[in-house]
Amino acid sequence: MAISLNERALAVVEEMLSKSEELRIKVIKTPSGATVIDCGVNVRGSVEAGLYVTRVTAGDLIRVSLVTINYGDFALPAIHVSSDHPVLATIGGQLGDWEVRYGDYFAIGSGPARALALDREIPKAVGAKREILRKMGLITYTPREIYEKIKYRDYYDKAVIVLESSEIPPSSVLELIAKMCNIDPKNLYTLVVPTSSIAGAVQIAGRVLEVGIYKLGLLGFDFTKIISGSGYAPIPPIHPDPVEAMGRTNDAIRYGGVTYYIVDFDDDEKLEEFINNVPPKDEKPFAEIFKAAPQGFYDVDPRAFAPAVITINNIKTGKTLTAGCIKIEFLKKAFGIAIS
């Protein structure tokens, strides 16, 4: 039986609904019957809620756990993720490529609902510079191209979407999402997770595996060759300012994210070339990069999204290659950690 990302994600959502008080989340029913789960807008949320959201974004095809990483002068909680369906879980589920914009409302959309909305437009800023990126040898995909590439379709009659936003979406936005997914609004389940919330910090760190796969695909690597993956990233200290929170969550992956993949690939020399170009090449805080993007998040140079360390074991040849390093001093500075 084919895997339905939305069906699997909904099972996790239903478990969240049964634990709403424990997770410090709030369930909202809209007039159209849609279900909204507030994970940090008007509620405190929790680390556990963030772990659940991570599973939801990936259609529950990612295993998650909390660990602690010692960086010498300081230690941080971190999220460890692993999957034996890494491409479907990340590119098929987690990828935040849905620009949800309606009037004054904006959110970064991700999760299994993407697999039902194949004809939605790519973000305007990405579309405007798509040819420029391709001339640079960077590969971008439309929603339909993504699922054709990974040979996946989901036909479920319910949809689960995660919105990274500091506002609860109005009914008009939910109705638009349901229409794009070709479902009744009463069958739409929307998790709203602010970047500056506890759950937001956790679930963004939980995208470390996705960020590595995305970067490989951007460079032209055939990510369908990836068989298995695991990784971890520190959960950054919470910051109330959304822009600073955006910076910290992305820097957690850029300078503290560690990834490991098993691939089936023919050319070790070419594989090494891909790997060497994955880790970030600069040490500029992501908040600065974000502020310099005139059209916001989707106008950020896509090469900026990358894990600090990538290791790949080629199952075809037995060779293991690695690139990058964790930058502890930069993490300390980015997270505002004061050593006393």
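The structure this text deals with has already been given above.
Residues numbered from 1 in each chain as written. Predicted model: local features only at pLDDT ≥ 70, side-chain atom pairs only at ≥ 80, totals over all residues. Heavy atoms only, no water.

**Student:** For this particular structure, what's the right way to read the pattern of salt bridges?
**Tutor:** Oppositely charged side chains are able to pair whenever their charged atoms sit close together. For the structure shown, the criterion picks out 20 salt bridges. Across the salt bridge formed by R63 and D84, the nearest N and O atoms sit 3.8 Å from each other. Taken as a pair, R63 in strand β3 (residues 63-70) and D84 in the loop between β4 (75-83) and α4 (86-94) lie far apart in primary sequence, 21 residues in all. Assessed through its relative accessible area of 48%, D84 is described here as partly exposed. Salt-bridge contacts for E99 lead to R101; the nearest nitrogen and oxygen are separated by 3.1 Å. The class of E99 is buried, set by a relative accessible area of 16%. One connected set of salt bridges, linked through shared partners, spans D73, E329 and K332. (Salt bridge = Lys/Arg side-chain N within 4 Å of Asp/Glu carboxyl O. Helix = DSSP H or I, 4+ residues; strand = E, 2+ residues; numbered from the N terminus. Buried < 20%, exposed > 50% of the residue type's maximum accessible area, 1.4 Å probe, protein only.)

**Student:** I keep staring at the pairing of strand β9 (residues 226-234) and nothing clicks. Help me out?
**Tutor:** On a regular strand, one side chain projects to one face of the sheet and the next to the other, so that they alternate. Pairing analysis gives six bridges linking β4 to β9, with the strands arranged antiparallel. Counted as the bridge partner of H80 is Y232 from β9. (Pairing = 2+ DSSP bridges.)

**Student:** Even after reading the chapter, I still don't get α4, so can you show me in this structure?
**Tutor:** Given 3.6 residues per helical turn, the α-helix brings residues three or four places apart onto the same face. Burial runs high along α4: nine of the nine residues are buried. Among all positions in α4, only P86, V87, L88, A89, T90, I91, G92, G93 and Q94 are buried.

**Student:** What is the right way to read unusual backbone geometry from this model?
**Tutor:** Peptide bonds are mostly trans, and most non-glycine residues show a negative phi. A positive phi angle is found at K151, which is not glycine, with a value near 55°. Of note, K151 is situated in the loop between α7 (143-149) and β7 (159-164).

**Student:** I would appreciate a short explanation of the side chain of S110 in the present structure.
**Tutor:** Take S110: it is sitting in strand β6 (residues 105-110). With relative accessibility at 2%, the residue S110 sits in the buried group. At 2.8 Å, the side chain of S110 forms a polar contact with the side chain of R207. Among residues more than four places away in sequence, those in contact with S110 are T57, G93, Q94, L95, G96, I161, V162 and R207. (Polar contact = N/O pair within 3.5 Å; in protein donor to acceptor, adjacent residues only side chain to side chain. Contact = heavy atoms within 4.5 Å.)

**Student:** Looking at this model, I keep getting lost on the pairing of strand β5 (residues 98-102). Mind explaining?
**Tutor:** Pairing of β5 with β6, which is carried by five bridges, proceeds in the antiparallel orientation. Following the sheet pairing, Y102 is matched in β6 by Y105. Where β5 folds back onto β6 in an antiparallel hairpin, the turn is made up of two residues, including G103, whose phi is positive at roughly 65°.

**Student:** Teacher, can you tell me more about the packing of helix α3 (residues 47-57) against helix α9 (residues 198-205) here?
**Tutor:** Geometry of a packed helix pair, given as the angle between the helix axes and the separation of the axes. The interhelical angle for the contact between α3 and α9, taken along N-to-C directions, is 40°, at an axis separation of 7 Å. The orientation of α3 with respect to α9, classified from their angle, is oblique. Where α3 crosses over α9, the handedness of that crossing is right-handed. Mapping the contact onto sequence places V47, A49, G50, L51, V53, T54 and T57 in α3 and I198, A199, V202 and Q203 in α9. Among the residues forming the contact of α3 with α9, the class breakdown is seven nonpolar, four polar and no charged. (Axes fitted to C-alpha atoms, helices over the stretch in contact; angles between N-to-C directions. Parallel < 35°, antiparallel > 145°, perpendicular 65-115°, else oblique. Left-handed = near helix turned anticlockwise from the far one by under 90°. Nonpolar A, V, L, I, M, F, W, Y, C, P; charged D, E, K, R; others polar.)

**Student:** Could you clarify how one ought to interpret the sheet that holds β4 in this entry?
**Tutor:** Paired through their backbone hydrogen bonds, the strands of a sheet run either parallel or antiparallel. Reading across from one edge, β3-β4-β9-β10-β11-β12 is the order of the six strands in this open sheet, with mixed pairing throughout. Edge positions in the sheet fall to β3 and β12 (320-324), since each of these pairs with one other strand and no more. Pairwise comparison of adjacent strand axes, ignoring direction, gives a mean angle of 15° for this sheet. Across six bridges, β9 lies against strand β10 (residues 258-263) in antiparallel orientation.

**Student:** Can you walk me through the sheet that holds strand β8 (residues 188-192) in this structure?
**Tutor:** Read across the open sheet, the six strands follow the order β1-β2-β8-β7-β6-β5; overall the sheet is mixed. Looking at strand neighbours, the two that pair on one side only are β1 (26-29) and β5, the edges of this open sheet. Along the sheet, successive strands turn relative to each other by an average axial angle of 30°, direction set aside. Here β1 runs beside strand β2 (residues 35-38); their pairing, made up of four bridges, is antiparallel. By the bridge assignment, V27 is partnered in β2 with I37. Packed on one face of the sheet, α3 meets β6, β7 and β8 and runs near 125° to β7.

**Student:** Help me out: how do you make sense of the packing of aromatic side chains in this one?
**Tutor:** Here the distance between the centres and the angle between the planes together describe a pair of aromatic rings. Under the criterion given, the structure shown has ten aromatic pairs. Ring geometry for F221 and F265: centres 5.0 Å apart, planes at 45°, overall tilted. In this pair, F221 sits in the loop between α10 (208-218) and β9 while F265 sits in the loop between β10 and α12 (268-276), placing the two residues 44 residues apart along the sequence. Summarising the burial analysis for this pair, F221 and F265 share the class buried. Taking 5.4 Å as the distance between ring centres and 75° as the angle between the ring planes, the aromatic pair formed by F221 and F274 counts as edge-to-face. Here F221 is found in the loop between α10 and β9, whereas its partner F274 is found in helix α12, with 53 residues between them in sequence. A network of ring pairs unites the aromatic residues F106, F286, F297, Y298 and F305 as a single cluster. The ring of F274 has K270 lying over it, and the distance from NZ or CZ to the ring centre is 5.2 Å. (Phe/Tyr/Trp six-rings, centres within 6.5 Å; stacked < 30°, edge-to-face > 60°. Lys NZ or Arg CZ within 6 Å of the ring centre and 35° of its normal.)

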